[in-house]
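Summary of structural features
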Amino acid sequence: MTQKPKVVFFDIDETLYINRGKKYVPESTKIALKELKKQGIITAIATGRAIPSIPEKILEVIDECGIEMIVSVNGQYVEFQGKPLATFPIDKTVLRQFSGSLKERGIAHILAGREGLFAFAENDYLRDALNSLGIVHQTDADALDKYETYQILGFYPQEQDAEVAQLLPENFQTIRWHASGLDLLDKDGSKARGIQAALDKLGLTMADAMAFGDGPNDFEMIEAVGFGVAMGNAIPELKAVANHVCPTIDDDGIYRGLVELGVIEDVLK
């Protein structure tokens, strides 16, 4: 690296948070976050999750380690120091038509907002996908009208991809994260867009930013920031575009990666 970052973004699942077995944040990761904070480097989360679906253990880390920014729902909603910083809600007319088409076909889906995750046409596909990540949801028939929606979660097998593609609004994309679960959002929506909007408002640039990730919704972020780091447990395609590959999350990946790159000192010697 040629310069230290002014802000570092972290994906949640299998980057900050081991979402299997005991489900925990490695102690070395907490130390790394605190070391960044000591240097005045902003620490931020960049996740596909909506804020209401962030695991309790991550909320505890946010408080303990002073994480100031959350880029949520794949960059569609950003908070800084507990207040909205950048938002990209889905047009309600578009949303109403698309959600109605899915309901007519019995396709389970969730509207993701700041206030919660609101499910329609629930089925086993939805339960299987959400249970895999420990995500809880609500039901509210009026959620579409009452709240802004930043992303839709769809629940159907790959065999239905073509069917749903015919229903997608023209400016939508899909990102599959489970055999029966997908993110459905604006084509321009990505963690990178949310990060760029946040940096603009803070007077920073992408050159000031570093990011850690592991999955398919991290591509734009890893490629856009000044220095992108793929976890050792990341998918091969992400490792191929990253500036650096750190050890796996199980092997103190974030801590060791930041030490390797000279961003923090090795305080665990």
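Residues numbered from 1 in each chain as written. Predicted model: local features only at pLDDT ≥ 70, side-chain atom pairs only at ≥ 80, totals over all residues. Heavy atoms only, no water.

**Observations regarding unusual backbone geometry**
The phi angle at Ala121 is positive, at roughly 55°, despite the residue not being glycine. Here Ala121 shows up in the loop between β7 (116-120) and α4 (124-133). In this structure, Asp252 takes a positive phi of about 55° despite not being glycine. Relative to the elements of secondary structure, Asp252 occurs in the loop between β13 (244-245) and α10 (253-260). Take Asp252: its relative accessible area is 33%, and that puts it in the partly exposed class. (Helix = DSSP H or I, 4+ residues; strand = E, 2+ residues; numbered from the N terminus. Buried < 20%, exposed > 50% of the residue type's maximum accessible area, 1.4 Å probe, protein only.)

**Focus: the packing of helix α1 (residues 27-38) against helix α2 (residues 56-65)**
Running from amino to carboxyl end, α1 crosses α2 at an angle of 35°, the nearest separation of the two axes being 10 Å. In the packing of α1 onto α2, the handedness of the crossing is right-handed. Packed against α1, whose contacting residues are Lys30, Leu33, Lys34 and Lys37, the element α2 presents Val61, Glu64 and Cys65 at the interface. Among the residues making up the contact of α1 with α2, the classes are represented as three nonpolar, no polar and four charged. (Axes fitted to C-alpha atoms, helices over the stretch in contact; angles between N-to-C directions. Left-handed = near helix turned anticlockwise from the far one by under 90°. Contact = heavy atoms within 4.5 Å. Nonpolar A, V, L, I, M, F, W, Y, C, P; charged D, E, K, R; others polar.)

**Remarks on α10**
Taken as a whole, α10 has its buried residues at Gly253, Ile254, Tyr255, Gly257 and Leu258. Residues of α10 that are buried sit in contact with β1 (7-10), α1 and β11 (209-213). Among the residues trailing α10, Gly262 stands out with phi positive, at a value near 75°.

**Some thoughts on the domain arrangement of the protein**
When the domains of the protein are assigned, the result is domain 1 (7-87 + 189-261) and domain 2 (92-186). Inter-centroid distance (C-alpha atoms) of domain 1 to domain 2 is 25 Å. Between domain 1 and domain 2, the residue contacts involve 19 residues of the former and 17 residues of the latter. When domain 1 packs against domain 2, the two sides together hide about 1,400 Å² of surface, and 56% of this comes from carbon and sulfur. In terms of surface lost to domain 2, no three residues of domain 1 exceed Pro52, Gln76 and Gly189, which account for 28% of the buried area on that side. At the boundary of domain 1 and domain 2, one finds two salt bridges. A salt bridge links Glu79 to Arg114; the nearest nitrogen and oxygen atoms lie 2.7 Å apart. For the side of domain 1 that touches domain 2, a count of residues per class yields six nonpolar, eight polar and five charged. (Domains from an automatic or database assignment. Buried area = accessible area lost by both parts, 1.4 Å probe. Salt bridge = Lys/Arg side-chain N within 4 Å of Asp/Glu carboxyl O.)

**Let's talk about the layout of surface pockets**
Computed from the structure, the largest pocket encloses a volume of approximately 490 Å³. Around the largest pocket, the lining comprises 26 residues; the ones closest to its centre are Asp13, Leu133, Trp177, Asp183 and Asn217. No other element matches strand β9 (residues 172-178), which puts three residues into the lining of the largest pocket. Here the residues of the lining of the largest pocket are counted per class, giving ten nonpolar, eight polar and eight charged. Looking at which domains feed residues into the lining of the largest pocket, each of domain 1 (7-87 + 189-261) and domain 2 (92-186) gives three or more. (1 Å grid on protein atoms, 1.4 Å probe; cavity = no way out; pocket = protein on both sides within 12 Å on 5 of 7 lines; lining within 4 Å. Points joined across faces, edges and corners; volume = space filled by probe spheres on them.)

**Examining the packing of aromatic side chains**
Applying the stated criterion to the full structure yields five aromatic pairs. Ring centres 5.8 Å apart and planes at 75° place the aromatic pair Phe98 and Phe172 in the edge-to-face group. Pair noted here: Phe98 is in helix α3 (residues 92-104) and Phe172 is in strand β9, with a separation of 74 residues, a long-range link. Just as Phe98 is buried, Phe172 falls in that class too. Residues Phe155 and Trp177 carry aromatic rings whose centres are separated by 6.4 Å and whose planes lie at 90° to one another, so their mutual orientation is edge-to-face. In this pair, Phe155 is assigned in strand β8 (residues 151-155) and Trp177 in strand β9, connecting sequence segments 22 residues apart. Residue classification places Phe155 among the buried residues on the basis of a relative accessible area of 1%. Here the guanidinium or amino end of Arg193 rests over the ring plane of Phe88, the centre of that ring lying 4.0 Å away. (Phe/Tyr/Trp six-rings, centres within 6.5 Å; stacked < 30°, edge-to-face > 60°. Lys NZ or Arg CZ within 6 Å of the ring centre and 35° of its normal.)

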